[in-house]
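Listed here are the chains, written in short residue letters.
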Amino acid sequence: MTDKPIKYRRILLKLSGEALMGRMDYGIDPEVIGRLANEILDVQKAGVQVGVVIGGGNIFRGAGLAEAGMDRVTGDHMGMLATVINALAMQDALEKLGAQVRTTSAIKINEVCEDFIRRRVVRHLEKGRVVLFAAGTGNPFFTTDSAAALRAVEIGADLLLKATKVDGVYDADPKKKKDARRYEKLSYDEVIARNLQVMDTAAIALCRDYGMPLRIYDMTRPGDLMRILKGQAIGTLVHAAA
Ligand code: UDP
């Protein structure tokens, strides 16, 4: 398998904040972020241009803060700042491994990271720098899933990957139902019509409208990212119906 050529030139990887927590309840597990950084660097070294949208749910989510009584927009601003914290941690983990990294933010915070400027980002990717996208879309009431779909389309990625703790999309919760069935492939419309919890509807609709293929896979299984990029049908593919 290792000698198979890579099928993708440019990818956008969506890492949720929860992915960075590992087995902790909050914050960032250094071991987990180090392992993820290693996988990202492996595919980058193999010649793939890699952009990463990082979530913030391991620190703050606007919806959760609003439920506890906070103003929703303020909560979303806190959520977006949480993604900046995660992106800086990933930047550090990647740089420790020797990677060239640029962190960009959708909200202006340019003493800490670059502003998001699409043409500049594309240039970074072409030069072999890993680009981290922080602060989601820069707007409240959105999620980093929507940011991932948006950035994937904007940078002309060949594939959007959503890294989760489950090995794809199931017709029922596999933790609760033993006979839950994993889908190998789904159309965008099936995901929306069946209300499958893949990404939020805005993100799926954007992928559908611009034909962005999306693969959901289990990021806890070392090596799967590279295997997917070499063409293995791991996880669930969401794409245009045949
Ligand atoms: N957020 C936002 N606009 C965006 C992206 C994110 O307001 O475009 C806020 C929102 O409060 C969200 C939080 O940032 O809950 C963290 O992002 P998300 O929940 O998507 O993180 P993940 O679930 O991927 O860890």
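Per an unreviewed UniProt entry, the protein goes by Uridylate kinase and derives from Coralloluteibacterium thermophilum. Here is the UniProt Pathway (unreviewed entry) comment for the protein, exactly as written: "Pyrimidine metabolism; CTP biosynthesis via de novo pathway; UDP from UMP (UMPK route): step 1/1." Note on the protein: under the UniProt heading Subcellular location (unreviewed entry), the record states "Cytoplasm".

Draft legend 1. Summary view of the layout of surface pockets. Of the pockets and cavities examined, the largest pocket occupies roughly 1300 Å³. Along the wall of the largest pocket there are 49 residues; nearest its centre are Ser 16, Glu 18, Arg 61, Asp 145 and Lys 162. Elements that contribute at least two residues to the lining of the largest pocket include exactly α1 (17-21), α3 (62-67), α4 (72-96), α6 (144-154), β6 (159-164) and β7 (169-170). A per-element tally of the lining of the largest pocket places α4 first, with five residues. The computed volume of the second largest pocket comes to approximately 260 Å³. Contributing to the lining of the second largest pocket are Ala 19, Gly 22, Arg 23, Asp 29, Glu 31, Val 32, Arg 35, Lys 165, Met 219 and Thr 220. By residue number, the principal contributor to the lining of the second largest pocket is helix α2 (residues 30-45), which donates three residues. Classifying every residue of the lining of the second largest pocket by side-chain character gives three nonpolar, two polar and five charged.

Draft legend 2. Representation of the site of the ligand. Looking at the ligand, there are 21 residues lining it, with Gly 17, Asp 76, Thr 137, Asn 139 and Thr 144 nearest. Contact distances for the ligand include 3.3 Å between a nitrogen atom and a backbone N or O atom of Phe 142. The fraction of the free accessible surface of the ligand (520 Å²) that becomes covered by protein chains is 93%. Here the ligand is seated within the largest pocket. With three residues, the top contributor of residues to the shell around the ligand is α4. Of the residues assigned to the shell around the ligand, the class counts are four nonpolar, 13 polar and four charged.

Draft legend 3. Up close: the sheet that holds strand β2 (residues 49-54). With mixed pairing, the nine strands of this open sheet are ordered in space as β4-β3-β5-β2-β1-β6-β10-β11-β9. Looking along the sheet, the strands with just one partner apiece sit at the ends: β4 (114-115) and β9 (185-187). As paired strands, strand β1 (residues 10-15) and β2 are joined by six bridges and run parallel to one another. Among the inter-strand pairings, Leu 15 is bridged to a residue of β2, identified as Ile 54. On the sheet, α2 packs against β1, β2 and β5 (130-134) and is oriented at approximately 150 degrees with respect to β2.

Draft legend 4. Molecular detail of the side chain of Thr 104. Examined against the element boundaries, Thr 104 turns out to sit in strand β3 (residues 101-105). Thr 104 gets classed as buried once you look at its relative accessible area, which sits at 1%. Not counting residues up to four positions away in its chain, the partners in contact with Thr 104 are Glu 114, Asp 115, Phe 116, Val 121, Val 131, Leu 132, Phe 133 and Ala 134.

Draft legend 5. Layout of the UniProt feature "binding site: UMP" (unreviewed entry) in the protein. Mapped onto the present numbering, the UniProt feature "binding site: UMP" (unreviewed entry) falls at Gly 56, Asp 76, Thr 137, Gly 138, Asn 139, Pro 140, Phe 141, Phe 142, Thr 143 and Thr 144. A stretch of 89 residues holds the annotated residues, and the largest C-alpha distance among them is 14.1 Å, short enough that they meet in one place. Checking the annotated residues one by one, the ones that line the largest pocket turn out to be Gly 56, Asp 76, Thr 137, Gly 138, Asn 139, Pro 140, Phe 141, Phe 142, Thr 143 and Thr 144. The exposure class assigned to Thr 137 is buried, which follows from its relative accessible area of 16%. Contact partners of Thr 137, with chain neighbours within four places excluded, come to Ala 106, Phe 142, Thr 143, Ser 146, Ala 147 and Leu 150.

Draft legend 6. Just the pairing of strand β10 (residues 214-218), in detail. Taken across its five residues, β10 has five buried, putting it largely inside the fold. Of the two faces of β10, the one carrying Leu 214, Ile 216 and Asp 218 and the one carrying Arg 215 and Tyr 217 are both buried. Sheet analysis places β6 next to β10, joined by five bridges and oriented parallel. When the sheet's bridge partners are listed, Leu 160 is paired in β10 with Leu 214. Relative to strand β11 (residues 236-239), β10 is paired through three bridges, and the arrangement is antiparallel. Bridged to Arg 215 within β11 is Leu 237.

Draft legend 7. Region of the structure containing the packing of α2 against α4. At a minimum axis separation of 9 Å, α2 and α4 run at an interaxial angle of 65 degrees. Between α2 and α4 the crossing geometry is right-handed. Within the contact between the two elements, α2 uses Ile 33, Leu 36, Ala 37, Ile 40 and Leu 41 and α4 uses Asn 86, Ala 89, Met 90, Ala 93 and Leu 94.

What counts and what doesn't
- Residues numbered from 1 in each chain as written.
- Predicted model: local features only at pLDDT ≥ 70, side-chain atom pairs only at ≥ 80, totals over all residues.
- Heavy atoms only, no water.
- UniProt positions renumbered as here; feature names shortened; annotations may be inferred.
- 1 Å grid on protein atoms, 1.4 Å probe; cavity = no way out; pocket = protein on both sides within 12 Å on 5 of 7 lines; lining within 4 Å.
- Points joined across faces, edges and corners; volume = space filled by probe spheres on them.
- Helix = DSSP H or I, 4+ residues; strand = E, 2+ residues; numbered from the N terminus.
- Nonpolar A, V, L, I, M, F, W, Y, C, P; charged D, E, K, R; others polar.
- Near = heavy atom within 4 Å.
- Polar contact = N/O pair within 3.5 Å; in protein donor to acceptor, adjacent residues only side chain to side chain.
- Areas by Shrake-Rupley, 256 points an atom, 1.4 Å probe, with all protein chains shown as cover.
- Sits in = over half its atoms within 2 Å of the grid points.
- Pairing = 2+ DSSP bridges.
- Contact = heavy atoms within 4.5 Å.
- Axes fitted to C-alpha atoms, helices over the stretch in contact; angles between N-to-C directions.
- Buried < 20%, exposed > 50% of the residue type's maximum accessible area, 1.4 Å probe, protein only.
- Left-handed = near helix turned anticlockwise from the far one by under 90°.

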